[in-house]
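Spelled out, the chains give:
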Amino acid sequence: MELRELHLVSPHGRLLRRWGVTQYARTEGILAEPIGDLWAVFCPTSGETSLLNNESMAVLEVLEAGPAGTAAICGALAEDSGESIEALEGLIEACWAQLIEMGLVRELRVPRTMLG
Amino acid sequence: MSSAPRSHQTLGDTDTLAFAKVLADAGFGIDVGAVSVHVRSDSKLFARQLQSVYAHFPLMDRAQWADVHLTINRASGFRRLIRPQVILQCDGRQPFEPFPANAPLPLFEWGCNWMIGQRLNDLLLLHAGAVERDGLALLLPAMPGSGKSTLTAALSLRGWRLLSDEFGAFNPDSGTFRALLKPVALKNQSIEVIRTFAPNAVFGPEFPNTRKGTVAHLAAEPDAVERRHESARPGAVVLPKWQAGSPTRWEPLTENVLFGALAFNAFNYSVLGATGFRSVVRLVRQCPGWQLVYSDLDDALATIDAAWPQVRERQLAAGQ
């Protein structure tokens, strides 16, 4: 069995720390404006502008508080939207490749050595 | 004996030989609104062609500042004799292949537009026709072949003031559009369409076999030249699309389509960075937008005219 993630959980079941999870950080200085039913987002590092749907924009909004992984983002969005975490996971996972390509998000890989 | 041109003269008033001499010696400055261009050329034919489409423009004082400097000279050596050519240079560079010696005007127009697109980064340069009425700009952004120039030309001949055929030049500081008043470059069948539409319209010569087919330049109306330093507040955006045989269709655009049409069609949007982004967002918020599909020019103009009072009311209310 391959160990991919290690979770530190409190006696009350609260996730305290997670290792081995890919985390994502929002690029600094992003400008975002609602344009019709989409969002226009300007990335200062690439100089590019992208039009995002609400799901992708919601991910960027959660990341404004700091880097997070898919599970944490799904948790936050599930709380806001009332959707189940399972339903959100697929949606959010599908966003990453495009958000990274647009320069709006970067991956932060936790080194395997941290898994002990 | 012809006298040397003076600064208060217009190009059309000036004797062609005298003008050709000025053009070859000190060069000629032309102020098209947001930018001034200085050009020098040893081509007498170019002097005549410039006069045909810039007749109402005043001759600039030699000492005046010019933003863009170009030379268009006849090629030397054998190229004076065999298939003679003209060569455009700016800042010591030759950005285009030489043109036939009888076509310096299209070379000048393309060279100028290219230089303006490279240089004028204090303005957001949207790729759009732009006309003005009631102090408000109507923008016509579109891809080549969409009938943008034809519609811009027709509007300019029916009481709309031409700002530009090529650039929606938006000043992010003042929030207004400026004129970049150059002749409207019409191509292929559009030339005949506009000649029929306005038989008294002033054209320069026709240039067949350019890389865009036959090209002819429509001179700006005298009033547009006179008022080329008057800016215009954002009014509305119309995306024209010429479609053979199509009835006129006028459909409102969503904000995201409008955003894409402006931002992703601009010459220097990415150069301007966040300023470009904020400018386009501002325009999308301010301007209503429509798609106009047309084949009948008169009907297309009537459709725009019918919608305009609504635009005027909206912008008047927003300005109060």
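Scroll up a little and you will see the structure.
**Examining the sheet that holds strand E13 (residues 213–218) of chain B**
All names here are of chain B.
Then comes step 1: Strand order in the open sheet formed by three strands is E11-E13-E12, with antiparallel pairing between adjacent strands. Looking at which strands have only one partner, the edges of the open sheet turn out to be strand E11 (184–187) and strand E12 (203–210). Averaged over all pairs of adjacent strands, the angle between their axes in this sheet comes to 25°, without regard to strand direction.
Then comes step 2: Pairing between E12 and E13: four bridges, direction antiparallel. Along E13, the bridge assignment pairs Phe 203 with Leu 218.
Then comes step 3: Sitting on the sheet, helix H4 (residues 148–156) is in contact with E11 and E13, with an inclination near 125° to E11.
Then comes step 4: The sheet strands contacting helix H5 (residues 189–197) are E11, E12 and E13, and the helix crosses E11 at an angle near 115°.

**Section: the interface of chain A and chain B**
Then comes step 1: Listed as interface residues are 13 residues of chain A and, on the opposing side, 13 residues of chain B.
Then comes step 2: For the pair chain A and chain B, the summed buried area comes to about 1100 Å², and 71% of that belongs to carbon and sulfur atoms.
Then comes step 3: Inspection of the chain A/chain B interface yields one salt bridge.
Then comes step 4: Summed over the shared surface of chain A and chain B, the number is four residue pairs in polar contact (both at pLDDT 80 or more).
Then comes step 5: Within the residue set of the side of chain A that touches chain B, elements represented by two or more residues are strand E4 (31–35), strand E5 (38–42) and strand E6 (49–52) of chain A.
Then comes step 6: Residue composition of the side of chain A that touches chain B, by class: eight nonpolar, three polar and two charged.

**Some words on the environment of Leu301(B)**
Residues and elements named next belong to chain B.
Then comes step 1: Along the chain, the position of Leu 301 falls in helix H10 (residues 297–319).
Then comes step 2: Residues Leu 301 and Leu 151, 150 residues apart in the sequence, show an inter-C-alpha distance of 8.0 Å.
Then comes step 3: Dropping the residues within four chain positions of it, Leu 301 is found in contact with Leu 151, Ala 154, Leu 155, Arg 158 and Phe 197.

**Concerning the packing of aromatic side chains**
Then comes step 1: Going through the model one piece at a time under the given rule, you end up with 14 aromatic pairs over all chains.
Then comes step 2: A ring pair is formed by Tyr54(B) and Phe108(B), whose centres lie 6.2 Å apart and whose planes are at 75°; its orientation type is edge-to-face. Of this pair, Tyr54(B) sits in the loop between helix H2 (44–53) and strand E3 (68–74) while Phe108(B) sits in helix H3 (residues 104–119), placing them 54 residues apart in sequence. Of the two residues, Tyr54(B) and Phe108(B), neither departs from the other in class, the shared state being buried.
Then comes step 3: Ring geometry for Trp250(B) against Trp290(B): centres 4.9 Å apart, planes inclined by 20°, an arrangement best described as stacked. Of the two residues, Trp250(B) sits in strand E15 (residues 249–252) while Trp290(B) sits in strand E16 (residues 289–294), which places them 40 residues apart along the sequence.
Then comes step 4: A residue is classified by how much of its surface remains accessible, and Trp250(B), at 24% relative accessible area, is partly exposed.
Then comes step 5: Members of the aromatic cluster, connected to one another through ring pairs, are Phe42(A), Phe259(B), Phe264(B) and Phe277(B).

**Observations regarding unusual backbone geometry**
Residues and elements named next belong to chain B.
Then comes step 1: Phi at Asp 134 is positive, roughly 55°, even though this residue is not glycine.
Then comes step 2: Owing to a relative accessible area of 43%, Asp 134 belongs among the partly exposed residues under this scheme.
Then comes step 3: The residue Asn 209 is not glycine, and still its phi comes out positive at about 60°.
Then comes step 4: Position of Asn 209 among the secondary structure elements: in strand E12.

**Some details on the pairing of E5(A)**
All names here are of chain A.
Then comes step 1: Here five bridges tie E4 to E5, and the two strands are oriented antiparallel to one another. Among the inter-strand pairings, Ala 32 is bridged to a residue of E5, identified as Val 41.
Then comes step 2: Counting the residues in the hairpin turn of E4 and E5 gives two residues, including Gly 36, whose phi is positive at 60°.
Then comes step 3: For E5 and E6, the ladder comprises four bridges, and the chain directions are antiparallel. Residue pairing in the sheet places Trp 39 in a bridge with Leu 52 of E6.
Then comes step 4: Taking the residues that link successive antiparallel strands as the turn, the E5-E6 hairpin has six residues, and the phi of Gly 47 there is positive, at about 75°.

About the criteria used
Residues numbered from 1 in each chain as written. Chains lettered and ligands numbered in written order. Predicted model: local features only at pLDDT ≥ 70, side-chain atom pairs only at ≥ 80, totals over all residues. Heavy atoms only, no water. Pairing = 2+ DSSP bridges. Helix = DSSP H or I, 4+ residues; strand = E, 2+ residues; numbered from the N terminus. Axes fitted to C-alpha atoms, helices over the stretch in contact; angles between N-to-C directions. Contact = heavy atoms within 4.5 Å. Buried area = accessible area lost by both parts, 1.4 Å probe. Salt bridge = Lys/Arg side-chain N within 4 Å of Asp/Glu carboxyl O. Polar contact = N/O pair within 3.5 Å; in protein donor to acceptor, adjacent residues only side chain to side chain. Nonpolar A, V, L, I, M, F, W, Y, C, P; charged D, E, K, R; others polar. Phe/Tyr/Trp six-rings, centres within 6.5 Å; stacked < 30°, edge-to-face > 60°. Buried < 20%, exposed > 50% of the residue type's maximum accessible area, 1.4 Å probe, protein only.

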